[in-house]
Amino acid sequence: MSPTAPNTEQLEVELGDRSYPILIGNNLINTAGSHIAPRLKGRKVIVVSDENVAPLWLPTFLKSFDEFDLDVHSLTLPATETTKSFSHFERLLNDVLALEIDRKTTLVALGGGVIGDIVGFAAAVLLRGIDFIQVPTTLLSQVDSSVGGKTGINTSYGKNLVGAFHQPQLVLADTSALATLPNRELLAGYAEVVKYGLIDDFEFYEWCENNAKLLINGDQNAQRYAVLKSCQSKARIVAADERELGQRALLNLGHTFGHAFEAETGYGNKLLHGEAVSIGCINAFQLSAKLGLCEQQELIRVEKHFLQIGLRNSLSGLADESWTVERLIGHMAKDKKAEAGKITFILARGIGKSFVANDVSTDAVKDVLAQTLTDAKS
Ligand code: NAD
Ligand code: ZN
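Residues numbered from 1 in each chain as written. Chains lettered and ligands numbered in written order. Predicted model: local features only at pLDDT ≥ 70, side-chain atom pairs only at ≥ 80, totals over all residues. Heavy atoms only, no water.

### Some details on the site of ligand 1
Note the threshold: Nearness here has a simple test: a residue counts as near a molecule or strand if at least one of its heavy atoms is within 4 Å of that partner. Note on areas: Shrake-Rupley, 1.4 Å probe, and residue coverage restricted to the protein chains presented here. In DSSP terms, a helix is any run of H or I states spanning at least four residues, a strand is any run of E spanning at least two, and both are numbered starting from the N terminus. Only Asp, Glu, Lys and Arg are considered charged, only Ala, Val, Leu, Ile, Met, Phe, Trp, Tyr, Cys and Pro nonpolar, and every remaining residue, Gly among them, polar.
Near ligand 1 lie 26 residues; those nearest to it are Asp-50, Gly-113, Thr-137, Thr-138 and Thr-180. If ligand 1 stood free it would expose 870 Å²; the protein chains cover 89% of that surface. Listed by contribution, the elements that provide at least two residues to the shell around ligand 1 are α2 (53-63), α4 (113-125), α5 (139-145) and β8 (158-165). When the residues that make up the shell around ligand 1 are grouped by side-chain class, the tally is 9 nonpolar, 8 polar and 9 charged.

Below, the structure written as structure tokens:
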């Protein structure tokens, strides 16, 4: 690997012989070749991107391979969540196979979480598993989806229901890419950043309160620090529980509620994943306060920060008369993380003090949802 440039951070996801480094910094896409070439088993590299990212970042990425004697190909997929489907997956597998790959071929995912998930899954199953590298270009994918090895696609029965655990060989998180990301996407990604503070890192939560504005306004140092801290948190939790048998569930703070809202809105542009998580984190603190687990003051502090930074904190404009508490509870019970209909929640005893709870009173959950719906409709 080329020496780490100034302003580049490196950390390792420790998973025995499946360990891999994450590089975080600016200008990593225009030096991608020098980071990727030394890690390749063979000469063939296939980079997969989406229709928004390709015009912005693919030429820079490809140019960085000019000085290496490699066989580099590119493919472009549509830029929507619906790309994570059986039909696009089949087409992707065929397009990659048409390039006459062998077991030493490496796939590269250049894009957000959609590209990372589908390309990672393709790498998991092609020739029973080939190498892949993540070059995440959204804040959400840099702090969350590119790390941890979860890959997959959606089905008509729900999101991410078909997939595999397949760890990448390398993650290159280039914060320069965030400069072209729409502000709404940046904010949605920030919800996953602040989540790490809320889970188990009060100090980082305080950093977020003081620096989130800088981060959102494009400050490279703030972005690099936030991505580093988030990846460290995720790497630590994943290393302890790769297959989500226990503590990895903490990463789902705000997600039990969030997934229900996403299911109700149809996983589209109406409500982005990070926006759903943002509302869900508030709900998780409301539920914790209602159950007497956490001080009201802590909830108010989180609500205030989310409001100041412009995170979505309510369902206003989305929830109409068709939204009911029963439907939302129904979505939660169907979530793949619900066991035998029992819904798992991540609750908090305060900021940075989250825990997994399997025996939450359904009445309390219904109260929180009812209030959220009333607020949205008023
Ligand atoms: P995304 O991949 O759809 O990207 C969001 C939008 O930003 C897209 O329109 C994309 O084309 C565009 N874009 C990406 N990078 C850009 C850039 N640098 N400049 C301009 N536009 C850019 O969405 P996402 O939020 O990155 O990821 C969401 C997906 O990630 C969901 O499918 C979710 O299920 C998945 N996810 C997976 C994991 C995991 O552990 N595998 C974790 C969280 C989320
Ligand atoms: Zn998430």
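### Some words on empty space enclosed by the protein
Note the cut-off: Grid spacing is 1 Å over the protein atoms alone, the probe is 1.4 Å, and a cavity is where that probe fits but cannot get out, while a pocket is an open set with protein on both sides within 12 Å along at least five of seven lines and lining residues have an atom within 4 Å of a point. Grid points are joined across faces, edges and corners, and a volume is the space filled by probe spheres set on the points.
The final tally for this structure, using the stated rule, is 1 cavity of 30 Å³ or more. Considering only enclosed or pocket space, the largest cavity measures out at about 30 Å³ in volume. In this structure, the largest cavity is lined by Asn-252, Leu-253, Gly-254, His-255, Thr-256, Phe-257, Ala-284, Phe-345 and Ile-346. For the lining of the largest cavity, the secondary-structure elements that each account for two or more residues are α9 (255-265) and β10 (345-348). In terms of residue count, α9 provides more of the lining of the largest cavity than any other element does, 3 residues in total. For the lining of the largest cavity, the per-class residue count stands at 5 nonpolar, 4 polar and no charged.

### A word on the layout of surface pockets
For the second largest pocket, the calculated volume is near 180 Å³. Broken down by class, the residue content of the lining of the second largest pocket amounts to 5 nonpolar, 6 polar and 3 charged.

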